[in-house]
Each structure stands twice: as structure tokens, then as C-alpha cells.
Amino acid sequence: MSRPFTPKVITANALLQGDVIYLSESGTWVRDLHEAALIFDAVRAEALLAEAQKDGMVVGAYLTDAAEGKHGPEPTHFREEFRRTGPSNYPHGKQETGARANV
Amino acid sequence: MYKYNDFDESFVRNRVAQFSAQVARRIDGSLSEEEFRPLRLMNGLYLQLHAYMLRVAIPYGTLNPDQMDQLAHIAEKYDRGYGHFTTRQNIQYNWPKLPDVPAILSDLADVEMHAIQTSGNTIRNVTADHFAGAAADEVADPRPVAELIRQWSTDHPEFQFLPRKFKVAVTGATADRAVVRAHDIGLVLKRQDGVLGAEIIVGGGLGRTPMVGKTLKEFVPFDDLLPYLEATVSVWNLLGRRDNKYKARIKITVHEHGIDDIRARVEDRFAAIKPSFGGIDMEMLREIEGHFLPPIFADKPVDAYTRAYEADPVFRAWADTNLAAHKAEGYAIVTVSLKKPGQTPGDATAEQMRALAQIARDYAHDELRISHEQNVILPHVHKSNLPALHAALKAFDLASANVGLVSDIIACPGMDYCALATARSIPVAQGIATRFEELKLEHDIGALKIKISGCINACGHHHVGHIGILGLDRAGVENYQITLGGDGTEDMVIGDRTGPGFAYDEIVPAIERILLCYLDLRDGPEETFLAAYRRLGLAPFKAALYPAKEEKANAA
């Protein structure tokens, strides 16, 4: 028996900037995890991922677990927490920009 | 140092033009990511956690001041105002944007630098003893041989699609400062009956299967060196496993076939290809050697140094830790620490890079080196210049007196940047360095090498740290394993694992317990941590690390 599907978001890096992006409900790429589409269905997840992987302006799209939070999806693993924040040794990356602008 | 000839210049410029066109074709959609990825990797461009990362080669760790200035310029113009010096004598930029990379490579080419073969399954940037040409214990300067290998391996048609990456390190001294026994090939230059040559060590490596390199041949004269290297890589290229990337490195090939079998195959291959070299390799080596003539050393008094040493305790502390013996009378080798407690190991700001370039011009015969220990070396400094040099370093926050001590930690970028990492390393290094600064125990503890990797690939050389720390992901939480007793020198030893790992907030206290235990048990201040560990073994340190467990065991 396969494991039950856990909620996921689709994430990747932007081709030009290289920064972390997420697929939103409207199908655009956003830079804030809170604005990402949280996907509850395995079939839909795979279909969206296949579509995302065809997008030439993004690199390395994949599905990753996320939990429903007050302001939108929240990471469930520390790697995704770092990806949506930035490095811990300098205030660079998303933590510095506020991460709101769309691609 | 080496000056590009017309061939080098046009090769590097052509590569910039070629890669610029590839970037343009990727951006306009003519190339898919699948097609583009191997091309960008061949030019040192990775995609990491938060951004692209460009790894620029610093061949055998040698830089001139103009190159250092250019690295500063690139950091400011295209990046976040700093660069990260790595354990393979490269510099990494953590925030370049894809459309800017062609311009960065062009700026690098302006100062005879590039990012070629800093990634991919090729022969990577050749590293060398960072004290090359200066060390008192040197038989021969390893840089001409390293440069010869760079030229031979760059775009070598037979070796562009190797089973896996291939790393070469060269030392010309008796003390191994280049960790040659942890490389795919390590060369130790030697003189035998008046002839210069090298001991060839093969199959060393860290990573998931750490192994100490084995001697393939005790002595290969320079006349035979390049064909012998080509024979070795060639044998592995055919024999190395392409079915499993974890078994592809030459260390596994040597392990599976045995060193004697590999040696026999290399000898056969060598006999077959040696005639095809026809002496051109030695002609090239002689030409290259002309680029590495030592500076004209000054013969003058060192009174200024002696006076400062006696009068200024801050200068004295720095001189005691950061200077090494130079082969020329009145000279010293200066290690500039990039490990100020709390700082990211190996990072330098653009302002600091420019300051170092100017200091090299003013006081150090225009030479700089990057060490695999992530510090900057000024290899030739007359002692009379040391007080002024120290003052100049202080002005740029570069005068930490901690080389070879607890806060002089090697750390890979870890999960703060690296896409392969399983845990962070930088904050662990910062935490340890800051803690021991608070405790004021650094000088009491003395010589110590702590090395931290954020994943099993071991870029932070944790297996050969006196104390090694490996960051892992254990059930979705950062967890740190400790190894003790590792040694990366000519007596290379892989460290012993202590037992279960420690959580992120437990790792700094765990290191503190190990070192307090050492201070308790050592045979006086002369006995270093490594010597004490060799005498005492793992048991007392294990007891200090896992006190609750020991008590439980005793109660049972």
C-alpha cells in the first residue's frame, strides 16, 4: 500500500536570478511560500509538476511537503525553511527582500 | 608567477565567448536546462539553494595583487560584496545572476583567471602547498609541476568525461600541508641521486568512503612524470565504474583491483604512451619554471621586528601564531586569518581583498596564496616589514592571532548555501569559535584542527580534523556526528567516530566537553590534543561526551 499523500507545494529556482520560487494557484511563479498553491491531491500534484518542468524560465521544479499555516503554506523540513528564508550567516536572500514580487 | 602565453589567452577568451553564446541560447530557450547544465558545470557555474554559485579556480592557490583586486571588483559589481575561499583553493561567489556570468568570466580573463574545470567529471583545479616557494622545509617548488598539470589537464580530450571528478594535489616539502594523501593523485616532490621527481600517491579521498592514498610509485623522475600521470588517469578512465557514482572515484578502483594490479596496468600504459610525449613536456616544464623564480630577497636588519615583538604584546601574540619559517634569512611566511571568531570561515569582503592586494604590493613581493585551510598567505615578508604589515591588517579586521588554534576552523558552506548539504556548518563554526573566545581558552588549548562538513561529501575534510564534525539530516532534524584523532598531514589518519550524533544546539557544548576533558588529562601544555588523543584513545573523550549513558551503563 502506498503512503497517504501529504500536502505539497511546487518549488524551483528562477532561471535568471537563480532564487527560490513557488507555483501559485493562478499558475504564476511567486517568491513567497505563503503565496504558493498548497496541493492536497496526488494526481493534481503530478500534473502540475509535469507542467512546471516544461517551463523554460525555471530550473529544477520539484514537489515538497508543506503544511497549512495561518498565512499560507509553511515548510515542514528545515531545508525548505532555509530556502524560503536565506542563509543564517548574513541577512541575504529572501529574509532581506521580503520576497513579494512576482517573476 | 605564471604569465599566460598567446595560447592560454586565446583559449580562455574563446571559452568565454563560447559560454556567453551558450548562456544566450539558454535564456532565449534554444537550449533546455538538461542541455545547458553540463555546459555551465564545465564553466564552474552551479545552481545552489538560494542562487547560482560561480566557482573560480585559483590554480595552486597563487594570486597576484591585480588578480585579488579583480576578485574584489567582481564581488562588488556582480555579487554581494564578498567572496568565499574554499578548501580547494578556489573562490566561490554565492549570488551571481545568470545573465551576468559571461561578463564575470570576461573580467576574470582580463587578469588571467577562469572557472574552467572547477566542476564536472574532469581533472579539477590542481592544488598545492600554500607555502610553496617559501617554506624552509621545501625540496622543490611544487607550482611549476602544478602549472604543467593544469595545462595538460585543461580540455584534455581523453579526460573530459571521466567516471567522476579527479583531484590532484602537489607538495614539495617534507611536511604535507596540501593533504596529498586525500586526493585522487597526490604528488610529493623528491630529489633522488640529484634528480628531481615525485612520489605518486593514488586513491586517497574523503567523502562517503574515506581512504588514505597508497603509494603507486616511490619515485618517478620529472622526465617521466606527465606520461606517468596520463597513464594513471587513463587506466582509471577505462576501469573506473560508471554504473554507480558512489563507486566511481579512483579510490574505489584501487580498492577493488588492488594497488599492485593498478600499478601493473599503469606501467603497461606508461610504456605505450611515453614515446608519444617526445620531451615536449620537459621543454614546457623548463619554460614554466622560469615563471616561478623566487623574488630577490632583501638582506637587511630585522631590528624593527625585534623591537615590536618585545614592546607590543598584541603583535607578539599574532607573530607567535601566524608566522611560519621561511627559507630566506630575515623573512617570514605570514598567514592572514579569515577566521575572526564569529566570522564565516574563508569569507573576505571586497574591501579586505583590496587591502590584502595592497599589503602584498607594499610588503610581500606582490604574492598572495589561498590555503586549503581557507586563509590567505603572504609567502614572502621581510621581518622588518611585519610591524607595519600587522598594523595594516588590523585596520581591516584581518589581524586575528589564531592560526592553527581552536577558532581556525575549516567549514564548508553547508546548508546555508549548498544544494547537496544535509545540515549547516557555518553557524557551528561560528558558535565554537565564539564560545572559546568567551572562555579565553584558545591559547591554553593550543594546536588544534577542527574541520566541519555539512554532508557526507566531506568538503570540510572532517575525517582528517583532530576534531571532525559531520552534519546530517536525521529524521528531518540537523544532527552532528563527531570524529576524533583525524590527521591530514604526511601521517594521515581517518578520525574515529565517537558514537551517536548531537543536535544543532548540543554540538558546541559537546565540543567544549571534549576540550575540557583534554585540558584535564593532558600531560602538560606541550602535549597537543592530537598527541593526547593518541595516548589516551577514545574512551575518556567518549565518557565526557556521553556522561548520562556512561552512568546508566555503570548503574546496570
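Just so you know, these numbers come straight off a predicted model, no measurement behind them.

### Some remarks on the overall build of chain B
Then, number 1: Within chain B one finds 19 helices and 21 strands.
Then, number 2: Taking 556 residues into account, the globule formula puts the C-alpha radius of gyration at 24 Å, and chain B, at 23 Å, falls close to it.
Then, number 3: In terms of its C-alpha atoms, chain B occupies a principal-axis envelope of roughly 70 × 60 × 60 Å.
Then, number 4: In chain B, buried positions account for 54% of the 556 residues.
Then, number 5: Considering only contacts in chain B between residues 6 or more positions apart, those separated by 24 or more positions represent 67%.

### Notes on the overall build of chain A
Then, number 1: When you go through chain A residue by residue, the secondary structure sums to three helices and five strands.
Then, number 2: Secondary structure elements in chain A, listed N-terminal to C-terminal, are β-β-β-α-β-β-α-α.
Then, number 3: Rg of the C-alpha trace for chain A: 13 Å, near the compact-globule value of 13 Å for 103 residues, within the 12% margin.
Then, number 4: Judged by the C-alpha coordinates and their principal axes, chain A covers about 45 × 30 × 20 Å.
Then, number 5: Across the 103 residues in chain A, those meeting the buried criterion constitute 37%.

### Quick notes on the sheet that holds strand S2 (residues 52–57) of chain B
All names here are of chain B.
Then, number 1: Reading across from one edge, S1-S2-S5-S4-S13 is the order of the five strands in this open sheet, with antiparallel pairing throughout. Looking at strand neighbours, the two that pair on one side only are strand S1 (45–47) and strand S13 (347–349), the edges of this open sheet. Taking each pair of neighbouring strands and ignoring which way they run, the sheet shows an average axis angle of 30°.
Then, number 2: The pairing of strand S4 (residues 82–85) with strand S5 (residues 90–93) spans two bridges and is antiparallel. Looking at the pairing, Phe 85 lines up with Ile 91 of S5.
Then, number 3: Along the sheet face, helix H12 (residues 350–363) touches S4 and S13 and points at about 85° away from the line of S13.

### Looking at the interface of chain B and chain A
Then, number 1: Every contact between the two is made by 22 residues of chain B and, on the other side, 21 residues of chain A.
Then, number 2: With three residues, helix H14 (residues 426–439) of chain B is the single largest residue contributor to the side of chain B that touches chain A.
Then, number 3: Grouping the amino acids of the side of chain B that touches chain A by side-chain chemistry returns 11 nonpolar, five polar and six charged.

### With respect to the nonpolar core
Residues and elements named next belong to chain B.
Then, number 1: Ranked by internal contacts, the top residues of the largest apolar core, which has 183 residues, are Val 170 and Leu 356.
Then, number 2: The element best represented in this core is helix H6 (residues 222–239), accounting for eight residues.
Then, number 3: Setting aside chain neighbours within four positions, we find Leu 356 in contact with Met 68, Val 336, Leu 368 and Val 376.

### A few points about the pairing of strand S1 (residues 8–14) of chain A
All names here are of chain A.
Then, number 1: For S1, a buried count of six out of seven residues is recorded, marking the element as mostly surrounded by other parts of the structure.
Then, number 2: Pairing of S1 with strand S4 (residues 58–69), which is carried by six bridges, proceeds in the antiparallel orientation. Bridge pairing in S4 links Asn 13 to Val 59.
Then, number 3: Hairpin connection between S1 and strand S2 (residues 20–23): a loop of five residues separates the two successive antiparallel strands, and Gly 18 in this loop has a positive phi of roughly 80°.

### Comments concerning the domain arrangement of chain B
All names here are of chain B.
Then, number 1: Its domain assignment divides chain B into domain 1 (6–110), domain 2 (134–291), domain 3 (308–395) and domain 4 (416–555).
Then, number 2: Between domain 3 and domain 4, the C-alpha centre-to-centre distance is 28 Å.
Then, number 3: Opposite the five residues of domain 3 that make contact, domain 4 presents six residues.
Then, number 4: Broken down by class, the residue content of the side of domain 3 that touches domain 4 amounts to two nonpolar, two polar and one charged.

### Points about the UniProt feature "domain: Nitrite/sulphite reductase 4Fe-4S" (unreviewed entry) in chain B
All names here are of chain B.
Then, number 1: The positions that UniProt labels "domain: Nitrite/sulphite reductase 4Fe-4S" (unreviewed entry) are, in the present scheme, residues 119–271 and 408–541.
Then, number 2: Here residues 119–271 is 33% helix and 20% strand, with 31 Å between the C-alpha atoms at its ends.
Then, number 3: Structurally, residues 408–541 is divided into 33% helix and 19% strand, and its ends, taken at the C-alpha atoms, are 22 Å apart.

### Structural notes on helix H2 (residues 33–42) of chain B
Residue and element names in this part refer to chain B.
Then, number 1: The complete set of buried residues in H2 reads Phe 36, Arg 40 and Met 42. Buried residues in H2, looked at end-on, bunch into an arc of 150°, giving them a common side. Projecting away from the buried face of H2 at angles above 90 degrees are the exposed residues Glu 34 and Pro 38.
Then, number 2: Of the residues trailing H2, Gly 44 is marked for its positive phi of about 80°.

### Points about the sheet that holds S1 of chain A
Residues and elements named next belong to chain A.
Then, number 1: Overall, antiparallel pairing links the five strands, which are arranged S3-S2-S1-S4-S5 in an open sheet. In the strand order of this sheet, the two ends are held by strand S3 (29–30) and strand S5 (72–75), each with one partner.
Then, number 2: Bridge count for S1 against S2 is three bridges, and the pairing is antiparallel. When the sheet's bridge partners are listed, Ala 12 is paired in S2 with Ile 21.
Then, number 3: Its contacts with the sheet put helix H2 (residues 78–85) on S2, S4 and S5, and the angle it makes with S5 is roughly 120°.

### Examining the pairing of strand S18 (residues 467–474) of chain B
When a strand is regular, its side chains alternate between the sheet's two faces.
Residues and elements named next belong to chain B.
Then, number 1: As judged from the four bridges shared by strand S17 (residues 450–453) and S18, these two strands associate in the parallel manner. Residue pairing for S18: Lys 451 is matched across the bridge by Gly 468.
Then, number 2: Bridge count for S18 against strand S19 (residues 477–484) is eight bridges, and the pairing is antiparallel. Paired with Gly 471 across the bridge in S19 is Tyr 480.
Then, number 3: What sits between S18 and S19 in their antiparallel hairpin is a turn of two residues, with Ala 475 showing a positive phi close to 55°.

### Thoughts on the packing of helix H1 (residues 6–27) of chain B against helix H4 (residues 101–110) of chain B
Angle between the axes and distance between the axes are the two parameters that describe a pair of packed helices.
Residue and element names in this part refer to chain B.
Then, number 1: Interaxial distance between H1 and H4 falls to 9 Å at its minimum, and their mutual angle equals 175°. Taken as axis vectors, H1 and H4 run roughly antiparallel relative to one another. Where H1 approaches H4, its residues Val 12, Arg 13, Val 16, Phe 19, Ser 20 and Val 23 are matched on the opposing element by Val 101, Pro 102, Leu 105, Ser 106 and Ala 109.
Then, number 2: The residue makeup of the contact of H1 with H4, split by class, is eight nonpolar, two polar and one charged.

Parameters and conventions
Residues numbered from 1 in each chain as written. Chains lettered and ligands numbered in written order. Predicted model: local features only at pLDDT ≥ 70, side-chain atom pairs only at ≥ 80, totals over all residues. Helix = DSSP H or I, 4+ residues; strand = E, 2+ residues; numbered from the N terminus. Rg over C-alpha atoms; globule rule 2.2 N^0.38 Å. Buried ≥ 20, exposed ≤ 12 C-beta atoms within 10 Å, placed from the backbone. Contact = placed C-beta atoms within 7 Å. Pairing = 2+ DSSP bridges. Axes fitted to C-alpha atoms, helices over the stretch in contact; angles between N-to-C directions. Nonpolar A, V, L, I, M, F, W, Y, C, P; charged D, E, K, R; others polar. Core = buried A, V, L, I, M, F, W, Y, C linked by C-beta atoms within 7 Å. Domains from an automatic or database assignment. UniProt positions renumbered as here; feature names shortened; annotations may be inferred. Arc of directions from axis to C-beta. Parallel < 35°, antiparallel > 145°, perpendicular 65-115°, else oblique.

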